Amino acid sequence: MATRRHFLKTAALAAAAMSVPPSPSASASQAAQARRQITIGGRRVRVIDVHNHWDMPLPAEIVKGTPYEERMKGPGLDDRVAILDKQGIDIAAVSVNDFWWWEVKDRGLARAICNYHNETLAAWNKKHPDRLVGMASIPLQFPDLAADMLQDAVTRLGARAVTVGGHVNNESLSLPKFDPFWAKAAEMGQLVFMHPNGSANLLREGALAGNGGLGNIVGNPLETTVFLSRLIFDGTFDRFPTLKVCGAHGGGFLPSYLGRTEVACIRPGQKCIIKRKPSEYMRQNILADTMVFTEDGLRHLVAEMGVSQVVYGTDIPFNWPAPVDYVLDAKSLSNADKEQILGGNLMTLLRITS
Amino acid sequence: MKKIIASLAALLLLTVLTSAQAPSPAASAAQGRRQVSINGQRVRVIDIHAHATVAEVAPVVKGTPYERQAGGRPLGPDRVALIDKQGIDVQVLSINGFWWWEVKDRDLADRIVRAQNQGLANFVTQFPDRFMAMASVSLQFPDLAARQLEDAVAQYGFRATTVGGHVNGEDMSLAKFDPFWAKAAELGVLVFMHPGGAENIIRDNALDGRGDLGNIIGNPLETTYFQSRLIFDGTLDKFPNLRVASAHGAGYLPSYLQRTEVACVVRNNANCLNKKKPSEYLKTQLLADTMVFSDEGLRHLVAEMGVGQVVYGTDNPLNWPVTVDLVLNAKWLSDADKAAILGGNLARLLRITS
């Protein structure tokens with residue numbers, strides 16, 4: 001947590017430094033000039049970002065007097081459109097991803113927090129209807145309420161997807177108790193965007209401390225890999241075959257190191273209940289963002305999953321090197337592939353028509 | 001680790017039962033030796049990843065708490081039949097349970113290791129053109145390990161040694177283990193790393209359940225962590241002559257390299273000690289076996305590491321898909337590349353001349 005806050009602060013400082021304008025009018029014209037417009041083969045294409053964080057602060061009337069008062073602090077979203085302009089992103093699907101509110105035991109408080117997230121994201125969508133869309137926050141520790149709130153966020157507030165973490169207070173999301181949520185997401189055709197938080201559900205205390213930032217570098221893809229593996233091996237995708245789940249950071253290790261998972265059930269002594277091969281879920285139910293950072297990493301991801309399963313993601317406001325250019329410059333992709341990955345797939349999944 | 005040993009032993013037994021149904025080993029050996037050639041040219045296939053147990057250890061641990069861990073079925077003529085059938089010309093045997101690293105009595109630890117090395121040497125002597133062996137060492141006593149390695153090289157002509165991913169939970173990048181690394185580098189001995197389910201990282205039972213995740217995820221995770229420590233803690237810089245080959249395609253590290261590659265740049269708490277980019281170690285000091293089980297997985301592994309860093313491995317006698325045809329059928333590899341991966345790289349590293 002300290003690390004993430006530190007990063008948010010760094011990102012905010014960087015953003016502030018970038019936007020010191022001589023005068024408001026000059027700033028406006030600078031913004032107008034600075035919007036990068038992406039074209040492929042001379043044709044304007046739409047760029048949509050599935051992985052766009054907002055550590056949204058909460059108002060006093062919701063968290064004052066609760067153990068979550070420190071959540072009143074957090075960055076605003078005022079500079080977000082300028083960041084999108086600069087990076088050539090047309091639409092960001094913004095989500096709140098720390099999932100600290102899944103620890104809240106009071107049902108009313110959990111509802112109020114998620115409702116505030118969803119209404120605030122709806123307000124930003126209203127302010128920038130062609131630039132920002134929101135993903136629903138849900139209280140997954142109360143699966144029935146989570147299902148209701150997903151419905152509400154979509155029908156009343158215009159949410160285009162929903163976001164989850166890799167575990168609910170250490171419980172696997174493949175447990176039957178969470179089926180009401182998966183059933184609702186499948187029924188409503190809502191994309192589920194999964195974002196990890198360092199494998200706190202899996203690791204021994206301090207196990208990934210030390211040099212190299214492995215708590216993030218290894219811990220995040222590990223949590224995503226276990227989360228997706230459980231949805232596969234515990235039969236969640238078989239129960240809800242229309243479900244679409246996008247794993248952050250290229251879907252963790254799973255698609256890039258698919259071979260071992262693929263042969264797991266053909267080894268002796270296994271009690272697999274899955275109806276299809278793991279690779280088939282990769283090509284139908286599972287999606288990954290593009291955050292693998294190199295040309296051969298992206299080529300490999302697309303080869304294992306198919307073009308339809310890979311979507312553009314940046315991790316904004318964090319400073320990972322995930323520019324549009326690395327998709328645009330990929331020699332392994334056709335122009336049509338690039339267009340799909342940068343925006344076409346998400347236009348369908350997020351129901352973006354214009 | 002005990003659990004892994006038990007399942008390893010069970011699988012060894014299963015393999016024995018299965019192969020017992022075959023005709024006599026002699027008959028199948030005579031008829032069944034596969035000779036691998038590429039475009040009419042016979043090439044030598046050398047296997048880096050082959051588990052072994054030797055009978056010589058049992059008397060040493062009799063009456064100690066380790067009596068049962070030394071179990072498993074010792075090497076015998078059935079192994080010759082197996083490598084004949086699979087087209088392996090030279091198999092480099094190693095004992096990989098590392099249960100003897102828990103032994104606190106220095107004298108007992110030494111006697112176990114010397115019995116293992118003697119047992120391996122006894123088997124190799126029977127089939128000198130078909131088998132080589134890797135030295136076991138008592139890494140819980142780093143100075144002793146260095147001496148054991150030196151002795152095994154001098155006495156038996158071993159050219160490799162094998163390690164796990166941690167020593168009783170301790171990282172092998174700790175300075176206390178430098179005497180071992182220094183000796184391996186000095187002697188030009190290849191180090192083969194094999195994981196044991198990431199028990200140093202993963203909380204008890206956190207990977208239980210369907211899909212065999214303790215193996216399918218735990219093993220590549222431990223391997224990834226082990227290599228990350230050697231990189232980020234500067235071990236590979238301290239010993240630039242060191243060559244470390246890791247099991248199962250070296251875990252996630254090469255297949256999902258990019259997050260590691262950007263760690264020191266993006267994470268301002270990463271504290272990196274490495275002098276070069278992670279990818280540079282992957283192209284020089286680190287090697288991977290071919291156990292990634294798909295054409296695309298192997299293509300990506302070779303793309304990230306280079307042909308010179310990928311070596312053939314089977315996991316004999318355990319029941320994993322054999323990957324020799326994966327290499328032979330790879331359309332994207334030249335004949336010379338195929339010969340290098342199947343045996344040429346290891347012939348050079350292990351100084352096999354004939």
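Coordinates for the structure precede this section.
Residues numbered from 1 in each chain as written. Chains lettered and ligands numbered in written order. Predicted model: local features only at pLDDT ≥ 70, side-chain atom pairs only at ≥ 80, totals over all residues. Heavy atoms only, no water.

A. Examining the interface of chain A and chain B more closely. The partner chain B presents 60 residues to the 59 residues of chain A that form the contact. Note on chain A versus chain B: buried area summed over both sides is about 5300 Å², and carbon and sulfur give 58% of it. It is Tyr257, Arg260 and Arg267 of chain A that lose the most area in chain A upon contact with chain B, and together they represent 16% of the buried surface on that side. Linking chain A with chain B are 3 salt bridges, by the criterion used here. Ionic pairing is found between Asp212 of chain B and Arg267 of chain A, a salt bridge with its closest N-O pair at 4.0 Å. Summed over the shared surface of chain A and chain B, the result is 26 residue pairs in polar contact (both at pLDDT 80 or more). Sorting the residues of the side of chain A that touches chain B by element identifies helix H1 (2–18), helix H8 (214–217), helix H9 (219–233), helix H12 (258–263) and helix H14 (295–305) of chain A as the ones contributing at least two each. Looking at which element gives the most residues to the side of chain A that touches chain B, the answer is H9 of chain A, with 8 residues. Across the side of chain A that touches chain B, the residue classes tally to 27 nonpolar, 23 polar and 9 charged. (Contact = heavy atoms within 4.5 Å. Buried area = accessible area lost by both parts, 1.4 Å probe. Salt bridge = Lys/Arg side-chain N within 4 Å of Asp/Glu carboxyl O. Polar contact = N/O pair within 3.5 Å; in protein donor to acceptor, adjacent residues only side chain to side chain. Helix = DSSP H or I, 4+ residues; strand = E, 2+ residues; numbered from the N terminus. Nonpolar A, V, L, I, M, F, W, Y, C, P; charged D, E, K, R; others polar.)

B. Looking closely at the state of the cysteines. All names here are of chain A. Scanning all chains against the criterion turns up 2 disulfides over all chains. With its sulfur 2.0 Å from that of its partner, Cys265 forms a disulfide with Cys272. Taking the sign of the S-S torsion, about -85 degrees here, the bridge from Cys265 to Cys272 comes out left-handed. (Disulfide = S-S within 2.5 Å.)

C. Quick look at the pattern of salt bridges. Counted according to the given criterion, the structure contains 30 salt bridges over all chains. Ionic pairing is found between Arg44 of chain A and Asp90 of chain A, a salt bridge with its closest N-O pair at 2.6 Å. Residue Arg44 of chain A is located in strand S2 (residues 43–44), and its partner Asp90 of chain A is located in the loop between helix H4 (80–87) and strand S4 (91–95); the two are separated by 46 residues in the primary sequence. Residue Arg44 of chain A is classed as partly exposed on the basis of its relative accessible area, which comes to 34%. Owing to a relative accessible area of 5%, Asp90 of chain A belongs among the buried residues under this scheme. The partner of Asp89 of chain B in a salt bridge is Arg42 of chain B, and the shortest N-O contact between them spans 2.6 Å. (Buried < 20%, exposed > 50% of the residue type's maximum accessible area, 1.4 Å probe, protein only.)

D. Layout of the sheet that holds strand S10 (residues 310–311) of chain B. All names here are of chain B. If you trace the 8 strands from one edge of the open sheet to the other, you get S3-S4-S5-S6-S7-S8-S9-S10, paired in parallel fashion. At either margin of the open sheet sits one strand with a lone partner, and together these are strand S3 (46–51) and S10. Helix H17 (residues 335–349) contacts S3, strand S7 (190–193), strand S9 (286–289) and S10 of the sheet and is inclined by roughly 85 degrees relative to S3. (Pairing = 2+ DSSP bridges. Axes fitted to C-alpha atoms, helices over the stretch in contact; angles between N-to-C directions.)

E. Just H4 of chain A, in detail. Within the sequence span of H4 of chain A, burial applies to Arg80, Val81, Ile83, Leu84 and Asp85 of chain A. Trailing H4 of chain A by a residue or two, Gly88 of chain A shows a phi angle of about 80 degrees, which is positive.

F. Helix H16 (residues 335–349) of chain A, seen in detail. Residue and element names in this part refer to chain A. Taking 1.5 Å per residue as the helical rise, H16 with its 15 residues ought to reach 21 Å, and the 20 Å between its terminal C-alpha atoms agrees with that figure. At Ile341, H16 shows its maximal bend, which comes to roughly 60 degrees. Buried within H16 are the following residues: Asp337, Lys338, Ile341, Leu342, Gly343, Asn345, Leu346 and Leu349. The first or second residue beyond H16 is Arg351, which carries a positive phi of 55 degrees. (Expected span 1.5 Å × (residues − 1). Bend = angle between axes of the 7 residues up to and from the residue.)

G. The arrangement of the packing of aromatic side chains in detail. Summed over the entire model, instances satisfying the criterion amount to 22 aromatic pairs over all chains. Look at Phe181 of chain A and Trp182 of chain A: their rings are 5.1 Å apart centre to centre, the planes differ by 55 degrees, and that puts the pair in the tilted class. The buried category is assigned to Trp182 of chain A, whose relative accessible area is 0%. Relative to Phe131 of chain B, the ring of Phe127 of chain B has its centre 5.9 Å away and its plane inclined at 70 degrees; by these criteria the two rings are edge-to-face. By relative accessible area, Phe131 of chain B is classed as buried at 1%. An aromatic cluster is present here, built from Tyr68, Phe99, Trp100, Trp101 and Trp102 of chain A joined pairwise through their rings. When the ring centre of Trp320 of chain B is taken as origin, the NZ or CZ atom of Arg267 of chain A, which lies over that ring, is 3.6 Å away. Above the plane of the ring of Trp320 of chain A lies Arg259 of chain B, whose end atom (NZ or CZ) is 4.1 Å from the centre. (Phe/Tyr/Trp six-rings, centres within 6.5 Å; stacked < 30°, edge-to-face > 60°. Lys NZ or Arg CZ within 6 Å of the ring centre and 35° of its normal.)

H. How the structure looks around the sheet that holds strand S3 (residues 48–53) of chain A. All names here are of chain A. The sheet built from 8 strands is open, its strands ordered S3-S4-S5-S6-S7-S8-S9-S10 with parallel pairing. Strand pairing shows two members of the sheet lacking a second neighbour, S3 and strand S10 (310–311), which therefore form its edges. Two elements, strand S7 (residues 191–194) and strand S8 (residues 245–247), share 3 bridges in a ladder whose sense is parallel. Bridged to Met194 within S8 is Gly247. Sheet strands in contact with H14 are strand S9 (286–289) and S10, and its direction is about 170 degrees off that of S9.

I. Examining the packing of H14 of chain A against helix H15 (residues 295–305) of chain B more closely. Packing of H14 of chain A against H15 of chain B leaves a shortest axis separation of 10 Å and a crossing angle of 180 degrees. Comparing their axes, H15 of chain B and H14 of chain A come out roughly antiparallel. Contacts between H14 of chain A and H15 of chain B pair Asp296, Gly297, Arg299, His300, Ala303 and Glu304 of chain A from the former with Glu296, Gly297, Arg299, His300, Ala303 and Glu304 of chain B from the latter. Of the residues belonging to the contact of H14 of chain A with H15 of chain B, the class tally is 2 nonpolar, 4 polar and 6 charged. (Parallel < 35°, antiparallel > 145°, perpendicular 65-115°, else oblique.)

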